[in-house]
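Analysis of the macromolecular model
What follows is the residue order along each chain.
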Amino acid sequence: MKIAYLSDSALPSKRANSVHVMHMCNAFNALGHETVLFGLRGEKASFEKIMQWYGVSGFDLKLTSLRIPKLTLWWHAWSILRGVRKFKPDVIFGRSLYGCYLLAKHGFKVCFETHNPLNTLTKQQQEIFIKLLKSPNLIGIVVISQALMKLILSQTELIKEDRILVAHDGATIQNFTNSDLASYPWPNSTNERLQIGYVGTISQGRGIELIVELSKKLGHLDFHIIGGRKEDLVNIGIVDTGELENVFFHGFVSPKEAALARKRCDILLAPYQENVMIRSGKNTAAYMSPLKVFEYMEAGKAIIASDLPVLREVLIDKSNCILVAPASLSEWYDKLIYLSENSLLHQQLGANAKHDLLTNYTWEKRAACILAFVNEQIENQ
């Protein structure tokens, strides 16, 4: 089968959406399908460098250069249309709203994936989304959480639940050798301290402030913040951490280095708060499906995460994680102490999380589920 994946992600880039689309295409390819990813050209890099950066292979890239900034997405959509006509795919799927709409308008059957409810879109995006929902060429839509599906159904009557697939995010299985793990630069630790990790961006609502406060109270544990820049700390109100000898800021690292860092930790933290802001200013806490959670599960390490309803779609308290009230510093402190003193428990939680990931949340399983949904929708039309 030939699959065209439509994306507005810049490649390469530091954003999670680029990781998502690259690994989805890698998964389609792993399932034996000829796949082409139509995306935007980001930083200057060769095809080989881009593929190596994300740790993927086997599919092709067709990238649109940003020639007209004000018309970027429409320019990109027309570029996708020309490329798809040449490729002649059997399935058209992706996250490019403008691309999916334009192809549907020109007679192509498309399946659209969205990570946002309608009320978070711009006025123009809402208009395009509504037109796409009305199109007879829309096969169906894919969303990343049950919560997001419910939001969309409450905001429009143009699509029914049986035409929406909930497909949570996923992770890639990483098989590293001991020499691979040793290759990642790791600060020297003393007294065989447990290594507590956070891997992700430094921005409002991610709980970085809470991690810093925990490190002050738990001087016998080492805390690692992998991702972002030190300047980002100032943006969320953390001015000085120089006196904290047990906190290590690794800065932004490649996807492979992030995976190595996760493997080197003993406990991984996902302290999302009730307002999780992304660059556009949207609060995604009610409907998100964070890549971080699935990548943590793949690492096979104990996870302590915020007890948010949307995370309970994947995380199960005392089974594959420990769930904690998002803003309760005392509860986070107590659970960290509890896990740090129960090595068998944190090993079991990690093993359970890895098992759940392998069973339900690999990219290949997600890709197979989406293709089954697409085929079913086509048969029912």
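Residues numbered from 1 in each chain as written. Predicted model: local features only at pLDDT ≥ 70, side-chain atom pairs only at ≥ 80, totals over all residues. Heavy atoms only, no water.

1. Observations concerning a negative patch on the surface
Cut-off, in case you're wondering: Two joining distances apply to patches: 9 Å for like charges and 5 Å for nonpolar side chains (Val, Leu, Ile, Met, Phe, Trp, Tyr), and every residue must have over 30% relative accessible area and no salt bridge. Residue-level accessible areas treat just the shown protein chains as cover; the underlying method is Shrake-Rupley with a 1.4 Å probe. What counts as a salt bridge is simple: a side-chain nitrogen of Lys or Arg found within 4 Å of a carboxyl oxygen of Asp or Glu. A residue counts as positive if it is Lys or Arg and as negative if it is Asp or Glu; His and the chain ends are not included. To locate a charge, the coordinates of NZ of Lys, CZ of Arg, CG of Asp or CD of Glu are taken. Runs of H or I in DSSP of at least four residues are treated as helices and runs of E of at least two as strands, each being numbered from the N terminus.
On the surface, a cluster of negative charge is made up of Glu161, Asp162, Glu376 and Glu379. Structurally, the position occupied by Glu161 is in the loop between helix H6 (146–155) and strand S7 (164–166).

2. Things to note about the nonpolar core
To keep it simple, the criterion reads: Definition used in this section: a nonpolar core is a set of buried Ala, Val, Leu, Ile, Met, Phe, Trp, Tyr and Cys residues joined via side-chain atoms within 4.5 Å. Each residue's exposure class comes from its accessible area (1.4 Å probe, protein chains only) as a fraction of the maximum for that residue type: buried when under 20%, exposed when over 50%, partly exposed otherwise. Note on contacts: a residue pair qualifies if any of its non-hydrogen atoms lie within 4.5 Å across the two residues.
In this structure, Phe223 and Met297 are the most contacted members of the largest nonpolar core, which totals 97 residues. The element best represented in this core is helix H4 (residues 97–105), accounting for 7 residues. Setting aside residues up to four positions removed in sequence, Met297 forms contacts with Ile303, Val314, Leu315, Asn320, Ala353, Lys354, Asp356, Leu357 and Tyr361. In terms of nonpolar packing, the next biggest core, distinct from the first, is built from 32 residues, Leu11, Cys25, Met51 and Val374 among them.

3. What about the sheet that holds strand S9 (residues 222–226)?
Spelled out, the test is: One requirement defines pairing of two strands: DSSP has to find at least two bridges between them. Axes here refer to lines fitted to C-alpha atoms; in helices the fit is confined to the stretch in contact. Angles between the N-to-C directions go from 0 to 180 degrees.
Judged by pairing direction, the sheet is parallel, and its 6 strands sit side by side in the order S10-S9-S8-S11-S12-S13 without closing on themselves. At either end of the open sheet lies a strand with only one pairing partner, and these are strand S10 (247–251) and strand S13 (322–324). Across the sheet, the axes of successive neighbouring strands diverge by a mean angle of 20 degrees, strand direction being ignored. The sheet contacts of helix H8 (residues 208–217) involve strand S8 (195–199), S9, S10 and strand S11 (267–270), and relative to S9 the element is tilted by about 160 degrees.

4. Comments concerning the packing of aromatic side chains
Heads up, the condition is: Side-chain rings of Phe, Tyr and Trp, where Trp is taken by its six-membered ring, are said to pair if the distance between their centres is within 6.5 Å; with planes under 30 degrees apart they count as stacked, over 60 as edge-to-face, and otherwise as tilted. The rule for a charge over a ring is simple: NZ of Lys or CZ of Arg within 6 Å of the ring centre, and within 35 degrees of the ring normal.
Tallied over the full model, the rule gives 9 aromatic pairs. Centre to centre, the rings of Tyr5 and Phe28 are 6.5 Å apart; their planes meet at 50 degrees, and the pair counts as tilted. Separated by 23 residues along the polypeptide, Tyr5 in strand S1 (residues 2–11) and Phe28 in helix H1 (residues 16–30) bring together distant segments of the chain. With respect to class, Tyr5 is no different from Phe28; both count as buried. An aromatic cluster is present here, built from Tyr5, Phe28 and Phe93 joined pairwise through their rings. Of note, Lys14 hangs over the ring of Phe252, and the distance from its end group to the ring centre comes to 4.9 Å.

5. Some words on the sheet that holds strand S4 (residues 91–94)
The 7 strands are arranged S3-S2-S1-S4-S5-S6-S7 in an open sheet whose pairing can be described as parallel. Looking at the sheet topology across the chains shown, the edges are occupied by strand S3 (60–64) and S7. The sheet shows a mean angle of 20 degrees between the axes of neighbouring strands, direction not considered. As paired elements, strand S6 (residues 138–143) and S7 share 3 bridges and run parallel to each other. In the sheet register, Val143 faces S7, and the bridge partner there is Val166.

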